Amino acid sequence: MIYKRSSQLFAEAEKVIPGGVNSPVRAFKAVGGTPIFVQRAKGAYMYDEDGNRLIDYINSWGPMILGHAFEPVVQAVIEKAKLGTSFGMPTELETQIAALAVSMVPNIDKIRFVNSGTEACMSAVRLARGFTKRDKIIKFAGCYHGHSDSFLIQAGSGAVTFGSPSSPGVTEGTAKDTLLAIYNDLENVKTLIEANKEQIAAIIVEPVAGNMGCIPPNEGFLEGLREMCTANGILLIFDEVMTGFRLAKGGVQELFNIKADIVCFGKVIGGGLPVGAFAARNEIMNYLAPLGPVYQAGTLSGNPLAMAAGLAMLQALNNDAAIFDRLAAKTAYLHEGIERVLKANNVVFTINRIGSMISVHFDAAPVVDFKSAANGDNESFKKFFHGLLQEGIYIAPSAYETWFITDALSYEDLDFTIQAVDKVSKTL
Ligand SMILES: *Cc1c(COP(=O)(O)O)cnc(C)c1O
């Protein structure tokens, strides 16, 4: 495949956009080469500026769960756009999508819409701090909650001390309020809680991790977090920006029957438009302005185009009783096929999978936390990525990312992908 025009467009972009991209992972830094510029997409396929067709396993990092340019979403956006694109005043549409979301997700009474997953997580933490009147939070290494300051934190020196900034521009003052824990390690969390008694407002977690590859929680991990939070007056925040409306109608809360105190959404809930949301029971949500003292706002929050897209998406998912089983079956089929050919070609690997999320790691050891996710052979991954790209298959340009399976993928697409993996894995 030829990427001549994409390369030219990237060179133009680099002159006026830092690194040529508006979000860093798009720049292909982890895999080398120059990014592909997309012209359009439909169903399971993207078409780039050079006329190549790519089978898409990223789907805008999750939102396009029913495929690209899903007709009901496109129609809803077109119809709404004709009526005006933003008012900064309430619309009935906001209540409709809120009511539907509240009916689909367990354990929430009210939901507030924002413009991104970053905003949702940032606001959820502020709400938790206001509600508990405590400052510190615990987050897990390798979990991503967007790019707000409190989350750009790496482990400081000593396991029990506070974190340090992982990006210049984040102050030490902010970093000291974020404690870093190890995913799937309850003892570690317990130690942090004991060393910071009555100071921790919230534990925020991806209840199924998706930003260090796909890492499902070990048995008992989420239950353990729930118990520790309840026992210590800490709020449990499930960041379901990736898993919400993807792993089940009601997300991980439903899947594992565990109640979080605050839940964050993004990606699927916006149907491909910029939407995030956070939700909780009344006692917590009523703490938010204008009802309560915790401030949060947004000029474009609840934007009619975004809400129309999100509503059409949630309705489609809500009305299709078989959707999540169908997605899981396709993902399992892909898993079995890839496993078969990688084994036949003597590749060392681990595959993690849950529902419609799957990740391939070039390492034999189980991948259960950030450390084990970082152990994979990145050289193999780079070859794998570029090899698949040459076959017309697009996976994320980083070994730390999950593949997202969409309902638009046919079994022929999956077979084609498995054959391509067979071919590419002979070169690893
Ligand atoms: C993508 C993601 C975010 C950030 O969402 P943005 O819309 O990119 O700001 C937060 N949390 C999780 C779990 C995510 O996957």
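Rules used in this analysis
Residues numbered from 1 in each chain as written. Predicted model: local features only at pLDDT ≥ 70, side-chain atom pairs only at ≥ 80, totals over all residues. Heavy atoms only, no water. Helix = DSSP H or I, 4+ residues; strand = E, 2+ residues; numbered from the N terminus. Expected span 1.5 Å × (residues − 1). Buried < 20%, exposed > 50% of the residue type's maximum accessible area, 1.4 Å probe, protein only. Arc of directions from axis to C-beta. Contact = heavy atoms within 4.5 Å. Near = heavy atom within 4 Å. Polar contact = N/O pair within 3.5 Å; in protein donor to acceptor, adjacent residues only side chain to side chain. Areas by Shrake-Rupley, 256 points an atom, 1.4 Å probe, with all protein chains shown as cover. Pairing = 2+ DSSP bridges. Axes fitted to C-alpha atoms, helices over the stretch in contact; angles between N-to-C directions. Parallel < 35°, antiparallel > 145°, perpendicular 65-115°, else oblique. Left-handed = near helix turned anticlockwise from the far one by under 90°. Nonpolar A, V, L, I, M, F, W, Y, C, P; charged D, E, K, R; others polar. Domains from an automatic or database assignment. Buried area = accessible area lost by both parts, 1.4 Å probe. Salt bridge = Lys/Arg side-chain N within 4 Å of Asp/Glu carboxyl O.

Undergrad: I'd love a proper account of helix H14 (residues 411–425), names of residues and values included.
TA: Its 15 residues place the ends of H14 21 Å apart at the C-alpha level, agreeing with the 21 Å of an ideal helix rising 1.5 Å per residue. Within the span of H14, buried status applies to Asp413, Leu414, Thr417, Ile418, Ala420, Val421, Val424 and Ser425. Within H14, the buried residues cover an arc of 160 degrees as seen down the axis, which keeps them to one side. Summarising the geometry of H14, the exposed residues directed more than 90 degrees from the buried face are Glu412 and Gln419. Considering only its buried residues, H14 is in contact with strand E2 (45–48), strand E3 (53–56), helix H11 (323–344), helix H13 (378–390) and strand E15 (393–394).

Undergrad: Pulling in residues and values, what's your account of the site of the ligand?
TA: Contacts to the ligand come from Ser116, Gly117, Thr118, Tyr144, His145, Gly146, Glu206, Asn211, Asp239, Val241, Met242 and Lys267. Between the ligand and Gly117 there is a distance of 2.8 Å, counted from an oxygen atom to a backbone nitrogen or oxygen. Within the backbone of Tyr144, one N or O atom sits 3.0 Å away from a nitrogen atom of the ligand. Against a free-state accessible area of 380 Å², the protein chains account for coverage of 83% of the ligand.

Undergrad: Residues and numbers for the sheet that holds strand E13 (residues 350–354), please.
TA: Reading across from one edge, E13-E14-E16 is the order of the three strands in this open sheet, with antiparallel pairing throughout. Both edges of this open sheet fall to E13 and strand E16 (403–404), since each of them pairs with a single strand only. Of the strand pairs in this sheet, strand E14 (residues 357–361) and E16 are connected by two bridges, and their pairing is antiparallel. Bridging across to E16, Met357 finds its partner in Phe404. Strands E13, E14 and E16 of the sheet are contacted by H11, whose axis makes an angle of about 175 degrees with E13.

Undergrad: Go over the packing of helix H2 (residues 71–81) against helix H10 (residues 304–318), please, and point to the residues and values.
TA: Axes are the key here: two packed helices are described by the angle between their axes and the distance separating the axes. In contact at an axis separation of 8 Å, H2 and H10 are set at 150 degrees when each is read in the N-to-C sense. The orientation of H2 with respect to H10, classified from their angle, is roughly antiparallel. You can see that H2 and H10 cross each other, and the crossing is right-handed. In this structure, H2 contributes Pro72, Val73, Ala76, Val77, Lys80 and Ala81 to the contact, and H10 contributes Pro304, Leu305, Ala308, Ala309, Ala312 and Met313. Looking at the contact of H2 with H10 residue by residue, the class counts come to 11 nonpolar, no polar and one charged.

Undergrad: I'd like a description of the pairing of E13, backed by residues and values.
TA: In terms of burial, E13 is largely enclosed, as four of its five residues are buried. Across five bridges, E13 lies against E14 in antiparallel orientation. Bridging from a neighbouring strand, Ile351 pairs with Val360 of E14.

Undergrad: Got a sec to walk through the sheet that holds E15? Specific residues and values, please.
TA: Read across the sheet, four strands follow the order E1-E2-E3-E15 without closing on themselves; strand pairing throughout is mixed. Strands with a single pairing partner mark the edges of an open sheet, and in this sheet they are strand E1 (38–42) and E15. Pairing of E1 with E2, which is carried by four bridges, proceeds in the antiparallel orientation. Across the sheet, the residue bridging to Lys42 is Tyr45, located in E2.

Undergrad: Would you mind going over the domain arrangement of the protein in detail, with residue names and values included?
TA: With domains assigned, the protein is organised as domain 1 (4–69 + 321–425) and domain 2 (71–318). For domain 1 and domain 2, the distance between their C-alpha centres works out to 25 Å. In this complex, domain 1 contributes 29 residues to the contact, which on the side of domain 2 involves 33 residues. Between domain 1 and domain 2, a total of about 2400 Å² is buried, with carbon and sulfur atoms accounting for 68% of that surface. Considering only the side of domain 1, the residues that lose the most area to domain 2 are Phe324, Ile354 and Met357, jointly responsible for 25% of the buried surface there. Counting across the domain 1 and domain 2 interface gives one salt bridge. Close ionic contact of Lys42 with Glu71 constitutes a salt bridge, the shortest N to O distance being 3.3 Å.

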